[in-house]
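As a plain string of letters, each chain reads:
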Amino acid sequence: MEKLSGKKNTAVLISGRGSNLKSLIKYSKTKKALITIVLVVSDNTIAKGLNYANKSNINNIFIKYSNRKSFEDRLLKLLKRSNVDLICLAGFMKILSSRFIKKFNRTILNIHPSLLPKYKGLNTHDRAIQNKDKYSGATVHIVTDKLDSGKIILQKKVKILKSDTVKSLEKKILKIEHKIYTKAIIKLLASD
Ligand code: GRF
């Protein structure tokens, strides 16, 4: 596949709902977008996010995660075939190996629902509420072989209200996520 007018060929990896994928697709359709989404990959056959890719006629595929190596080898082949130069993880629930990261050898971004370095891993909203934090938020960072630990590209915070529940906080943060993923991509690529 040819690279389109200097835009980065991008693959988005998902496992479920796909609301971040939806907002990335929306951005990619704008005139000044710096990315073209050429591939969506899910490790979950019933990921709702796959519908967004289908609706927009974006090449999408389910890869069965029998084991990490077979999943990643298949993925690497697809990435090569589609000339992918940027991967965006968007609710992708598997951890990529350092071997994969080295072999891909290009930027991989992730969005995480906390103010990293706080609350790496899962259940971030619950942990922030339990700890009576005043703020939480979302972070876009570079993926390295250490979980949720790569260089931070962009972060935005929200206030945690006394009345907030895990659900209400998740909703607030998701709204932010949809804004900062695009902004982070622009920040990263505009300087290229
Ligand atoms: C988001 O909260 C994201 O930060 C986290 O997983 C969730 C995915 O949501 N990594 P969605 O599938 O994009 O709606």
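Residues numbered from 1 in each chain as written. Predicted model: local features only at pLDDT ≥ 70, side-chain atom pairs only at ≥ 80, totals over all residues. Heavy atoms only, no water.

Asker: For this particular structure, what's the right way to read the pattern of salt bridges?
Answerer: Charged atoms that come close allow side chains of opposite charge to pair. This model, assessed by the stated rule, comprises 7 salt bridges. Among the salt bridges present, the one from Glu 72 reaches Arg 99, with a minimum N-O distance of 3.7 Å. Taken as a pair, Glu 72 in helix H3 (residues 68-81) and Arg 99 in helix H4 (residues 98-104) lie far apart in primary sequence, 27 residues in all. With its nearest N and O atoms 2.4 Å apart, the salt bridge here joins Arg 99 to Asp 73. Separated by 26 residues along the polypeptide, Arg 99 in helix H4 and Asp 73 in helix H3 bring together distant segments of the chain. Look at Arg 99 and you get partly exposed, because its relative accessible area is 28%. Take Asp 73: its relative accessible area is 24%, and that puts it in the partly exposed class. (Salt bridge = Lys/Arg side-chain N within 4 Å of Asp/Glu carboxyl O. Helix = DSSP H or I, 4+ residues; strand = E, 2+ residues; numbered from the N terminus. Buried < 20%, exposed > 50% of the residue type's maximum accessible area, 1.4 Å probe, protein only.)

Asker: Just checking my understanding: could you explain the site of the ligand for this structure?
Answerer: Near the ligand you find Arg 17, Gly 18, Ser 19, Asn 20, Gly 91, Ile 111, His 112, Pro 113, Leu 174 and Glu 177, and these make up its full shell. With respect to the ligand, the backbone of Gly 18 contributes an N or O atom lying 2.8 Å from an oxygen atom. Glu 177 places a polar side-chain atom, nitrogen or oxygen, 2.7 Å from an oxygen atom of the ligand. Protein burial of the ligand: of its 370 Å² of free accessible surface, 86% is covered by the chains. With respect to the detected pockets, the ligand is housed in the largest pocket. Classifying every residue of the shell around the ligand by side-chain character gives 3 nonpolar, 5 polar and 2 charged. (Near = heavy atom within 4 Å. Polar contact = N/O pair within 3.5 Å; in protein donor to acceptor, adjacent residues only side chain to side chain. Areas by Shrake-Rupley, 256 points an atom, 1.4 Å probe, with all protein chains shown as cover. 1 Å grid on protein atoms, 1.4 Å probe; cavity = no way out; pocket = protein on both sides within 12 Å on 5 of 7 lines; lining within 4 Å. Sits in = over half its atoms within 2 Å of the grid points. Nonpolar A, V, L, I, M, F, W, Y, C, P; charged D, E, K, R; others polar.)

Asker: Teacher, can you tell me more about the nonpolar core here?
Answerer: One broad trend across soluble globular proteins is that nonpolar side chains are buried collectively. One finds Val 12, Val 40, Leu 109, Tyr 181 and Ile 185 to be the most contacted residues of the largest nonpolar core, which totals 37 residues. It is helix H6 (residues 166-190) that provides the largest number of residues to this core, a total of 9 residues. In this structure Tyr 181 touches Asn 20, Leu 24, Cys 88, Leu 89, Ala 90, Leu 109, Asn 110, Ile 111 and Val 140, once residues within four positions along its chain are discounted. Judged by nonpolar contacts, the second largest core, of 22 residues, contains Ile 61, Leu 76, Phe 100 and Phe 104. (Core = buried A, V, L, I, M, F, W, Y, C linked by side-chain atoms within 4.5 Å. Contact = heavy atoms within 4.5 Å.)

Taken by themselves, the reported measurements are silent on function.
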